[in-house]
Amino acid sequence: MKQTLSVLMALLAIILDAAAQPAAPTNVVVFSGDLSVILHWDPDSSSGVSGYNVYRSLNGGGPFTQLNGGLVTALGYCDLTVSDGQTYYYQVTAVNASSQTSPPSATLSTTPNPFPNDDAFLDYLEEANFDYFWYTANPVNGLVPDRSTAGSACSIASVGFGLTAIGIAIDHGWITRDQGAARVLTTLNTFWNGPQGANASGDIGYNGWFYHFLDMNTATRSGSSELSSIDTALLLAGVLYAKQYFNATNAAETSIRTLAGAIFNRVNWLWMAPDIPSTNGVRMGWLPGSGFSGFGDWIGYDEAMLLYLLGMGATTNSLPPACWSYWTSGYTWASYYGESFVPFPPLFGHEYSHCWVDFRHVGDAYMNAKDSTYFENSHRAALAQQAYCAADPLGWPGYSSTVWGLTASDGPSGYAAHGAPPALNDDGTIAFTAPGGALAFAPEIALPTMEYFYTHGRQRFWTQYGFIDAFNLAKGWYDNTELGIDQGPIVIMAENYRNQNVWRLFVQNPEVRTGLQRAGFVPLPFVTNLTAQIQPLQGTVTLAWPAVSGRTYQVEYSTNLLSWFMAPTGEITATNTTASWTDSGPPGTFSAPLSDTGRFYRVFQYGSP
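Notes on the structure in this doc start here.

What counts, and where the lines are drawn
- Residues numbered from 1 in each chain as written.
- Predicted model: local features only at pLDDT ≥ 70, side-chain atom pairs only at ≥ 80, totals over all residues.
- Heavy atoms only, no water.
- Helix = DSSP H or I, 4+ residues; strand = E, 2+ residues; numbered from the N terminus.
- Expected span 1.5 Å × (residues − 1).
- Buried < 20%, exposed > 50% of the residue type's maximum accessible area, 1.4 Å probe, protein only.
- Polar contact = N/O pair within 3.5 Å; in protein donor to acceptor, adjacent residues only side chain to side chain.
- Core = buried A, V, L, I, M, F, W, Y, C linked by side-chain atoms within 4.5 Å.
- Contact = heavy atoms within 4.5 Å.
- Axes fitted to C-alpha atoms, helices over the stretch in contact; angles between N-to-C directions.
- Left-handed = near helix turned anticlockwise from the far one by under 90°.
- Phe/Tyr/Trp six-rings, centres within 6.5 Å; stacked < 30°, edge-to-face > 60°.
- Lys NZ or Arg CZ within 6 Å of the ring centre and 35° of its normal.

1. Examining helix α2 (residues 118–135)
Then, in step 1: The terminal C-alpha atoms of α2, which comprises 18 residues, lie 26 Å apart, in line with the 26 Å expected from a rise of 1.5 Å per residue.
Then, in step 2: Within α2, 15 of the 18 residues are buried, which leaves it mostly tucked inside the rest of the structure.
Then, in step 3: Where α2 starts, the residue carrying a side-chain oxygen 3.2 Å from the main-chain nitrogen of D119 turns out to be N117.

2. Details of the nonpolar core
Then, in step 1: By size, the foremost hydrophobic cluster in this structure holds 180 residues, and its most contacted members are W324, W356 and W545.
Then, in step 2: Among the elements that take part in this core, helix α5 (residues 229–245) stands out by supplying eleven residues, more than any other.
Then, in step 3: In this structure W324 touches M305, Y308, L309, M312, Y331, D364, Y374, A519 and F521, once residues within four positions along its chain are discounted.

3. Digging into the packing of α2 against helix α13 (residues 484–499)
Then, in step 1: Between α2 and α13, whose axes approach to 9 Å, the crossing angle comes to 145°. As for how α2 packs across α13, the hand of that crossing is left-handed. Of α13, the residues touching α2 (which contributes D119, L122, D123, L125, E126, N129, Y132 and F133) are G484, Q487, G488, I490, V491, A494, E495, Y497 and R498.

4. Regarding the packing of aromatic side chains
Then, in step 1: Using the criterion set out here, one finds 59 aromatic pairs in the structure.
Then, in step 2: One aromatic cluster is present, formed by F31, F115, F121, Y124, F432, F453, Y454, F461, W462, F467, F471 and Y478 through successive ring pairs.
Then, in step 3: The lysine or arginine in question, R183, covers the ring of W134, its NZ or CZ lying 4.0 Å from the ring centre.
Then, in step 4: If you follow R602 out to its NZ or CZ, it ends over the ring of W564, 4.1 Å from the centre.

Shape descriptors only; they carry no functional weight alone.
Structure (structure tokens):
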């Protein structure tokens, strides 16, 4: 009897142990670049999972060696101890609070290799940055954390960037369309159904606007967060992009479009501009109890350009066109390092609106009077900042033509806005999102910089979510986290640089076109009678066109008539009735003109048509 009881107890212990053992991680993905490998996996459904272990082998059948020291708490891992040309095999296990380990995941393999070209680097960069939005999000409600640090609140702006990154990921095949649609639908349901009200807690927003930070689980106001006008606008940009991207007739995508329209149209734009018509400005925020007190208007050039355009394009409670004149009345025009533009020292102000709005070929009254566009303005701001860092007037270590990037970011003393020129809180902190967010309008300097960072700083800078947020060589400080509002511009602007897909979809929203029209934007004219003369011995192509003396023109080129690129040396001011420009390859274009199977050109004119 005692022997039988002992056997039964042993069997029961085995059964209980098996029941408590975590399940093996699922949907593990692995991809690699030059001298690095990134892994990700889905959250473990087992209760009490404390973290994960990652194993590697040179053979599919093992033996496998554990790579991590302490448990990995993120849903990803970056292996920086690899060699190019060698195939590596990986497994992942889950570990619970009782130190019980799951069976290993499926074995996956990858072979790191040098990047054969810029596109391969950008593929790797974009996928890693997208993974921040996919794997740090709460899959139950779609909320994306402000930063990758455990316990971070949701940033609604990060959600807007993430909604856009999902479409990019589908286009590249990193997730399926059904996966992306399901996540987007979950997210929109959260923002549509969340309680709206003036309470100090328990609400997601008020009057259609949303709190800057939300609790990642309850999707309601986090701490003393303000109702943020600009962060709501960044969220809405992602919502409107999703409305255009998910255009199928199935139930999920139809619901996405319906919810996106409802969320946008619920915003009471006039409520956030309480002084209209005496002052045509939108307030920066609102708080329960104290209201608009302490919040000024958005005026002068910065990231809020998007806010005004969306508000003026709305069909309900829309902002009046006079708001744009109020906004531009705060502009200044200045020259730094040979570039003339409307300055805003932190580069994010030149980048956020451009993630969604294509300003290449349209101008308002202010920019037309300056023979420029907002796209060109951002281009010049990036060039001036690179020149500032190359000159390094404050003597910070590391600054150069390939080490630059001043913007709002983490720093040794916390999060702060850094910028130049003119210098603003320049303490030697460099943030990767600054050159990454400039890829679309300054690829000739931004792309070499991002590649330099990866090649020379990979061991310090590169993670499973792309680059860390920032570093400061003067203080020997390297960040240990990533931020959604900084990872987002990198993936979106890299995509806009490569194919302009986000721009092309976003402008299809009638609210966007209406906002631009009410702000006074007009299309810039393309020249006619453009001729091209090939010089085969020199390997060059010379363009010529009828011109107006004193007017400024910009050359663009393409290899497929779909994606167009500004020629960095192609801004020409005519001195007589004919203007010309010669394509001799880099730095004017990214390759020799006769090396392509086909190269196409067009030229537009700056200034009032």
